[in-house]
Amino acid sequence: AIYMTSWIAGTKDLREERIISVIDSTEINSVVIDIKDDTGRISFEVSDPALRDIGSSEVRIPNIKEFIGYLHEKQIYVIGRISVFQDSYLVRARPDLAVRRESDGEIWKDYKGISWLDAGATDVWDYIVAIARESYAVGFDELNFDYIRFPSDGNMNDMYYPFSEERILANPTTGKAEVIREFFVYLNKRLADTGAVTSADLFGMVTTNTDDLNIGQILEYAAPYFDYIAPMVYPSHYPTGFNGYSNVNAHPYDIVKFSMDRAVERLIAASSSPQKLRPWLQDNDYPVPYTPEMVRAQIQAVYDAGLTSWMLWDAANTYTRSALLEE
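Here is a short report on the structure shown in this document. (Residues numbered from 1 in each chain as written. Predicted model: local features only at pLDDT ≥ 70, side-chain atom pairs only at ≥ 80, totals over all residues. Heavy atoms only, no water.)

## Section: the nonpolar core
Worth spelling out the cut-off: Here, the term nonpolar core denotes a set of buried Ala, Val, Leu, Ile, Met, Phe, Trp, Tyr and Cys residues that are joined through side-chain atoms within 4.5 Å. Here's how the labels work: a residue is buried when its accessible area is under 20% of the maximum for its type, exposed when over 50%, partly exposed in between, all with a 1.4 Å probe on protein chains only. Each helix corresponds to a stretch of at least 4 residues labelled H or I by DSSP, and each strand to a stretch of at least 2 residues labelled E; elements are numbered beginning at the N terminus. Here, residues are in contact when the closest pair of their heavy atoms is within 4.5 Å.
Core analysis: the biggest nonpolar cluster contains 106 residues, and I33, F85, F140 and F145 have the highest contact counts within it. Examining the composition of this core, we find that 9 residues originate from one element, helix α6 (residues 122-138), more than from any other. Not counting residues within four places of it along the chain, the set of residues in contact with F85 comprises W116, L117, D118, A119, V124, W125, Y147, I148, R149, I180 and F183.

## Thoughts on the pairing of strand β2 (residues 30-36)
Counted only if it meets this: Any two strands with at least two DSSP-identified bridges between them are counted as paired.
With 7 of its 7 residues buried, β2 lies for the most part within the structure. As judged from the 3 bridges shared by strand β1 (residues 2-4) and β2, these two strands associate in the parallel manner. Looking across to β2, one finds that M4 is bridged to I33. Here β2 runs beside strand β3 (residues 77-83); their pairing, made up of 6 bridges, is parallel. Across the sheet, I33 pairs through a bridge with G80, a residue of β3.

## Overview of the packing of aromatic side chains
Quick reminder of the rule: Centres within 6.5 Å make a pair out of two Phe, Tyr or Trp rings, where for Trp the six-membered ring is used; the pair is then stacked when the planes are under 30 degrees apart, edge-to-face when over 60, and tilted otherwise. Look at NZ for Lys and CZ for Arg. If either is within 6 Å of the ring centre and within 35 degrees of the ring normal, a charge sits over the ring.
Per the counting criterion, the structure on display carries 14 aromatic pairs. Just above the ring of Y221 sits the side chain of R181; from NZ or CZ to the centre is 3.8 Å. A cation sits over an aromatic face here: R278 above Y228, 4.8 Å from the ring centre.

## Details of helix α10 (residues 252-269)
Rules: Expected span of a helix: the number of residues minus one, times 1.5 Å.
When the terminal C-alpha atoms of α10 are compared, their 26 Å separation across 18 residues agrees well with the 26 Å that a helix rising 1.5 Å per residue should span. Restricting attention to buried positions, one finds in α10 the residues P252, I255, V256, K257, S259, M260, D261, A263, V264, R266 and L267. Trailing α10 by a residue or two, S271 shows a phi angle of about 60°, which is positive.

## Observations regarding the packing of α10 against helix α11 (residues 292-304)
Rules: In this description, a line fitted to the C-alpha atoms serves as the axis of each element, helices being fitted only across the stretch in contact, and the angle between N-to-C directions of two axes falls anywhere from 0 to 180 degrees. Angle categories are assigned with fixed cut-offs, so that under 35 degrees is roughly parallel, over 145 is roughly antiparallel, 65 to 115 is roughly perpendicular, and the rest are oblique. Helix crossings fall into two classes, left-handed where the near helix is turned counterclockwise from the far one by less than a right angle and right-handed where it is turned clockwise. Put simply, Ala, Val, Leu, Ile, Met, Phe, Trp, Tyr, Cys and Pro go in the nonpolar bin, Asp, Glu, Lys and Arg in the charged bin, and everything else, Gly too, in the polar bin.
Packing of α10 against α11 brings their axes to within 8 Å, and their N-to-C directions diverge by 25°. One finds that α10 runs roughly parallel with respect to α11. Seen from above, α10 lies across α11 with right-handed handedness. Here α10 contributes P252, Y253, V256 and K257 to the contact with α11, which in turn contributes M294, A297, Q298, Q300, A301, V302 and D304. Taken together, the residues of the contact of α10 with α11 break down into 7 nonpolar, 2 polar and 2 charged.

## Let's talk about the pattern of salt bridges
Pairing between side chains becomes possible if they bear opposite charge and their charged atoms approach one another. Operational definition: The salt bridge criterion pairs a side-chain nitrogen of Lys or Arg with a carboxyl oxygen of Asp or Glu, the two atoms within 4 Å.
Scanning all chains against the criterion turns up 20 salt bridges. Between R167 and E182 there is a salt bridge; the shortest N-O distance is 3.0 Å. Residue R167 is located in helix α7 (residues 165-170), and its partner E182 is located in helix α8 (residues 175-191); the two are separated by 15 residues in the primary sequence. Note on R167: relative accessible area 33%, which makes it partly exposed. With relative accessibility at 38%, the residue E182 sits in the partly exposed group. For the salt bridge of R262 with E265, the shortest nitrogen-to-oxygen distance reads 2.9 Å.

## Quick look at the side chain of K276
The condition is simple: Neither His nor the chain ends contribute to the count of charged residues, in which Lys and Arg are positive and Asp and Glu negative. N or O atoms closer than or at 3.5 Å make up a polar contact, with two conditions inside protein: a donor-capable atom paired with an acceptor-capable one, and, for residues adjacent in sequence, both atoms drawn from side chains.
On the secondary structure map, K276 appears in the loop between α10 and β7 (280-282). Despite its burial, K276 pairs with no opposite charge; the closest candidate is D227, at 6.2 Å N-O. For K276, the side chain forms a polar contact with the main-chain oxygen of F226, separated by 2.8 Å. Excluding anything up to four places from it in sequence, K276 contacts A223, P224, F226, D227, Y228, I229 and L267.

## Considering α8
When the terminal C-alpha atoms of α8 are compared, their 25 Å separation across 17 residues agrees well with the 24 Å that a helix rising 1.5 Å per residue should span. Residues of α8 that are buried: G175, K176, A177, V179, I180, F183, F184, L187 and L191. The secondary structure elements touched by the buried residues of α8 are α6, β4 (142-146), α7, β5 (197-203) and α9 (219-222).

As C-alpha cells, this is what we get:
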C-alpha cells in the first residue's frame, strides 16, 4: 500500500498523478487514506448525529462513497487511517478530555505545540468507535488506527492525566500499557458486529523492546485485537547506536530485517500469526535522500523475514516508482 492524505484524495488531478497512476502501473494494490488526521478533522461529510454535533467534519473528500467505489472498480483495497489520541480539534471542543500540565492545570502540549487526549478517557473511545463505524459504512475496507498511545516528545515531568493518572501511579511499569490494552479490547468488541478489518500502527521499536517505551505500546498487548499490526520501522526513526549501527540511515535493510525478525518470533511465541505483521516502510527524504535502492531494500527485508505485506509512507505523497515492480 501507499499513503494518501485527505487533501490529495479530494483533489482529482493530484490524486491521479501521485497515487492512482502509481497503483495502476506498479505492484501497489492498496491505498491508505486519512479519515481523521492529527488535526482531528474528519475528511468527509458524516451522518451520525453525535459526530455532526461535535462538528469535526471538514469535507476534504467530496462524494466519499463515489470515490471509494471508483477505487474498488480498479480493484484497489481501501484502508482508512484514524488518528486516535492526537486530536487538536477534540481538545478544543472537549478540553476536559485533554492531557494537562501538572504545574498549573493548563493543557499540555508537546514540543511541536500539539495537544493530546487522555488515552484513558472513555468518551474518546466512544468517539473513535463512532468514526470507525461511520467510515466502514461509507465503504472503507479496513480501519487503521494511528497515535494509539500516550504522548512523548514534550516535558514529561509536567503532565497530568485526568482519566489515567491513578492507573499509571499504581503501576508505573505497565500502567500506561494496561490503559491502551483496555482501549484495544473496547474497540474490538464495539466493532465486532461490523465485520470491519482493523489494523494498529505501532512504534517501530515495539518489535525489539519488551517495555512499553513509556507510551503504552507493547506488541503482544495489541496483537489479539487487530487483524493487522503495522510497526513503523522507518530506519531514520531508530536511535544512533541501535543494534550497533553508528549511522542507522546507512542500514535500511538490516534495521527492517532485524526488527521484523524479532516481531515474527514474538508473535509466534504468543501463539499469534506473524502474517498479521504489515510494517510501514520509509519512502521520504528524512533525514537523508532515500534512493530507490534504499526503499527496495526495506521491502526485500520484509519478504526475507517471511512476511508478505508492507506499506510505504511519505507525508508529501511523492513515491519512488523506480523502487517498485511494474504491474
